[in-house]
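Architecture and fold: a report
Take a look at the letters that make up each chain.
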Amino acid sequence: MNFLQYFLRRVLLVIPLLLGITMMAFLIANLIPADPIIANLPANALNDEDTIAAFRKKWGLDKPLHEQYLTYLGNLLQGDLGTSIKTRKPVSEDISHRLPATIELATLGIILGIFLGVGLGLVSAIWQDSWADNIARVIALIGVSFPVFLTGLILLNVLYVQLEIAEGPGRLDFIMRPPPNVTGLFTVDALLNGDRETFVSAFNHLVLPALTLALYISGLISRITRSSLLEVLNQDYMRTARAKGLRERYVIGFHGMRNALIPIVTVIGLSYGNLLVGSILIEQIFAYPGIGSYTFRASTSQDFPAIMGVSLLFAFIYVGVNFAVDILYFFIDPRIRVA
Amino acid sequence: MPSISSISSSTPVSASPNRAQRARYHLRRNPLVALGLVIAALWVVIAIIAPSIAPVEPLKQDLANRLAAPGELFLMGSDELGRDIFSRVLWGARITIPAGLAVIIIGSSLGVIIGAVAGYAGGLVDELLMRLTELFMAFPFIILAMAVTAALGPDIQNAVIALCIVWWPRYARILRGLVLEVKAQEYVEAAHSAGASGFYILFHTILPNCIAPAVILATLDIGTALISFAALSFIGLGPEPASPEWGRMVSIGIAFFDQWWMWLFPGLAIASLVMAFNFIGDGLRDILDPRLRGE
């Protein structure tokens, strides 16, 4: 199978999934609230006949359910996710405003988490049952066992309040102004603007929340790295590689890791599923103005359009990441090309 | 966890005459399992006897002694209404442990049944159920939980229902794969030719042969269920605010960040319980999967 065939086949599998997600979001939005009008409009608009009529018309509420879904899908394709009750702005605008903050945090957290996780897993597998293995495993277990909100609070208390070696809540020092908006990522925008001071402040504020996320993710990754590498290490081809006189570093790095990579990459893809929960909890603790704190506020104020908008966003991100993982398989595992 | 599904085929089902001896051997090789068992058992005992060992009623307020630091009066300090945190932490075990176990038992059973039916029926039923499974995996669990609580209102029971709804897909996937494997075995064909009904074959011939991996996965999963329940109640989708539930206590404690005892002790309670179950689960996997033993 060549790459194009493989790619198209994956795309064909993803499309019905995306449609299914929109259908599920639509059903939740329409079946769960007793009255979609009460759920989607602010309280003071409920006396206004014109607003209600306009809302009915826009979402086709006087039509049968399947036509309502098509209207919903049409609005969705134009990027219309409805209007937030709380902020009174289009949900898509709120999201585009807050998403960069979360992307910045998640990217740093995931990169840190992968390095930490794969590193710990490698140590554990290579020196199995040694003291190094035990220490690495206990670190991994603490990572997955401590609720992220507790890890975050402890890091904040120890490193920021007690030792004063890390920056605390927020995205910047409160006397600083955000850099001119280009990407919305403060670190990147500050660099583009050549503003070193803002960059340092933005980066320092990212460290603690990103570390919290990384500790959690690394626990998952190091456990799977250890077990899948251990499985590979006992294989005949590893003995062959050693018998050929290859250096140990090469044996582990190229013959071992390459074969252990599939489950590791899978877990990294799946861990994106936890990203929304993680960002809700972490952003809550670090007063970080991203999508997570937006969702939290939407949830506590029953802001239904906002909740549904964010859920679609994260379901799409999850599908997108796992699509990318599927594509990666093609390059990691040559057997797929033959199948 | 891809290594789970391999356990069924690679585990020798030898009925060793000296099981106790082997158990002792494994416990000595995996001291963390023993530690996990002790901590988990301790928490279960605490949950049972909390009413008689807690020094104070968990809801009793002592407004004269609000936000007291840990000391003689309050072992773990007191909260913003002067309630004894130590007593509340002990009582919390009575909420979290049953909730976590309920999620595991109901959620995994649901997944086992759906996966088994999909794998056994095949064809269109299989296709539909598996697409549904993928859908539930892709949809953020927290949103489903929010939707459930929006519809039913936030309380412990609804948090458990919400988690059960999102818990089954992984079990369904694994069970489907196992059922497909077992379905091809000769003894299933034998049952067919003996005239057994489809229902009988699925539940009496096939399921008993693929239930073990689901049970192991469920054990590994207890920690995750406990932590997810705590996360839900942390963001207010669980029990009511006054309840001595650990996640809830931590989230209220954030407003009193400098009174660290308000969030640290309930947080550590969750962590220690989850860690105990993870120690057990991890060790169990090592013991049961001989390929990981490195012998």
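In this text, all values refer to a predicted model and were calculated from it rather than measured experimentally. (Residues numbered from 1 in each chain as written. Chains lettered and ligands numbered in written order. Predicted model: local features only at pLDDT ≥ 70, side-chain atom pairs only at ≥ 80, totals over all residues.)

Focus: the overall build of chain A
Broken down by element type, chain A carries 15 helices and zero strands. For chain A, the spread of C-alpha atoms along the principal axes amounts to about 80 × 55 × 40 Å. Counting only contacts in chain A whose residues sit at least 6 apart along the sequence, the fraction spanning at least 24 positions is 69%. (Helix = DSSP H or I, 4+ residues; strand = E, 2+ residues; numbered from the N terminus. Contact = placed C-beta atoms within 7 Å.)

Focus on the overall build of chain B
Counting secondary structure elements, chain B contains 12 helices and zero strands. When its helices and strands are written in sequence order, chain B yields α-α-α-α-α-α-α-α-α-α-α-α. With respect to the three principal axes, the spread of C-alpha positions in chain B is 80 × 50 × 30 Å. Counting across all 295 residues of chain B, residues that qualify as buried make up 46%. Expressed as a percentage of contacts within chain B between residues at least 6 apart in sequence, the contacts between residues at least 24 apart total 70%. (Buried ≥ 20, exposed ≤ 12 C-beta atoms within 10 Å, placed from the backbone.)

Re the packing of helix H3 (residues 31-53) of chain B against helix H12 (residues 261-288) of chain B
Helix-helix packing is described using two parameters, namely the angle between the two axes and the distance between the axes. Residues and elements named next belong to chain B. Here H3 crosses H12 at 140 degrees, and the two axes come no closer than 8 Å. On the basis of their axis angle, the class for H3 and H12 is oblique. In terms of crossing hand, the pair formed by H3 and H12 is left-handed. Residues Leu32, Val33, Leu35, Gly36, Leu37, Ile39, Ala40 and Trp43 of H3 form the contact with H12, whose own contacting residues are Ser272, Leu273, Ala276, Phe277, Phe279, Ile280 and Gly283. (Axes fitted to C-alpha atoms, helices over the stretch in contact; angles between N-to-C directions. Parallel < 35°, antiparallel > 145°, perpendicular 65-115°, else oblique. Left-handed = near helix turned anticlockwise from the far one by under 90°.)

What about the confidence of the model for chain B?
Residues and elements named next belong to chain B. Per-chain confidence: chain B averages 82 in pLDDT, with 91% of residues scoring 70 or above. Considering each helix and strand of chain B separately, the mean pLDDT is smallest for helix H1 (residues 7-10), with a value of 44, and largest for helix H4 (residues 85-121), with 92. Overall, residues 1-15 carries pLDDT values under 50, and its contacts beyond four positions in sequence, including any with other chains, amount to 26 contacts. As scored by the predictor, the complex reaches a pTM of 0.84 and an ipTM of 0.81. (pLDDT = per-residue confidence, 0-100.)

With respect to the environment of Val182(B)
All names here are of chain B. Tracing the backbone through its elements, the reader meets Val182 in helix H7 (residues 156-183). Residue classification places Val182 among the buried positions, given that 20 C-beta atoms sit within 10 Å. With 37 residues separating them in the primary sequence, Val182 and Ala145 have C-alpha atoms 35 Å apart.

Description of the packing of helix H11 (residues 248-271) of chain A against helix H14 (residues 304-332) of chain A
Residue and element names in this part refer to chain A. Where H11 meets H14, the axes come as close as 9 Å, and the angle between the chain directions of the two elements is 170 degrees. Judged by the angle between their axes, H11 and H14 are roughly antiparallel. Relative to H14, the crossing made by H11 is right-handed. Each of Leu261, Ile262, Val265, Thr266 and Gly269 in H11 lies in contact with H14, whose residues at this interface are Val321, Asn322, Val325, Leu328, Tyr329 and Ile332. Partitioned by chemical class, the residues of the contact of H11 with H14 number eight nonpolar, three polar and no charged. (Nonpolar A, V, L, I, M, F, W, Y, C, P; charged D, E, K, R; others polar.)

Looking at the interface of chain A and chain B
As a measure of interface size, the accessible area lost when the parts come together is often cited. Counting residues at the interface gives 39 residues for chain A and 36 residues for chain B. The set of elements that each furnish at least two residues to the side of chain A that touches chain B consists of helix H1 (3-31), helix H6 (131-145), helix H7 (148-162), helix H9 (196-233), H11, helix H12 (275-285), helix H13 (291-300) and H14 of chain A. A breakdown of the residues in the side of chain A that touches chain B according to their chemical character gives 27 nonpolar, 11 polar and one charged.

Let's talk about H7(B)
If you check H7(B), its first and last C-alpha atoms are 39 Å apart, about what 28 residues at 1.5 Å a residue would give, namely 40 Å. Burial analysis of H7(B) places 21 of its 28 residues in the buried class, which makes it a mostly covered element. (Expected span 1.5 Å × (residues − 1).)

Overview of unusual backbone geometry
All names here are of chain A. With a phi close to 65 degrees, Arg88 is a non-glycine residue in the positive phi region. Mapped onto the secondary structure, Arg88 falls in the loop between helix H4 (65-77) and helix H5 (91-126). You can call Arg88 exposed: it has 9 C-beta atoms within 10 Å. For Asp129, which is not glycine, the phi torsion reads 65 degrees and is therefore positive.

A look at the nonpolar core
Ranked by internal contacts, the top residues of the largest apolar core, which has 162 residues, are Leu163(B), Leu175(B), Leu226(B) and Ile270(B). Sort the elements by how many residues they give to this core and H9(A) lands first, with 17 residues. For Leu226(B), the residues in contact, after removing those within four places along its chain, are Thr96(B), Gly100(B), Ile270(B), Leu273(B), Val274(B) and Phe277(B). (Core = buried A, V, L, I, M, F, W, Y, C linked by C-beta atoms within 7 Å.)

Some details on the environment of Gln5(A)
Residue and element names in this part refer to chain A. For Gln5, the position within the fold is in helix H1. Exposure remark for Gln5: the 10 C-beta atoms within 10 Å place this residue in the exposed category. Expressed as a C-alpha distance, the spacing of Gln5 and Arg337, which sit 332 residues apart in the sequence, is 9.9 Å.

A look at H9(A)
Residue and element names in this part refer to chain A. Under the 1.5 Å per step criterion, the end-to-end length of H9 is only 46 Å for 38 residues, more than 12% shorter than the ideal 56 Å. The largest bend in H9 is about 35 degrees, located at Val207, with the proline Pro209 one to four residues further on. For H9, a buried count of 30 out of 38 residues is recorded, marking the element as mostly surrounded by other parts of the structure. (Bend = angle between axes of the 7 residues up to and from the residue.)

Details of the confidence of the model for chain A
With 97% of its residues at a pLDDT of at least 70, chain A reaches an overall mean of 84. Element-level pLDDT for chain A is lowest in helix H2 (residues 36-40) of chain A, with a mean of 68, against a maximum mean of 91 in H5(A).

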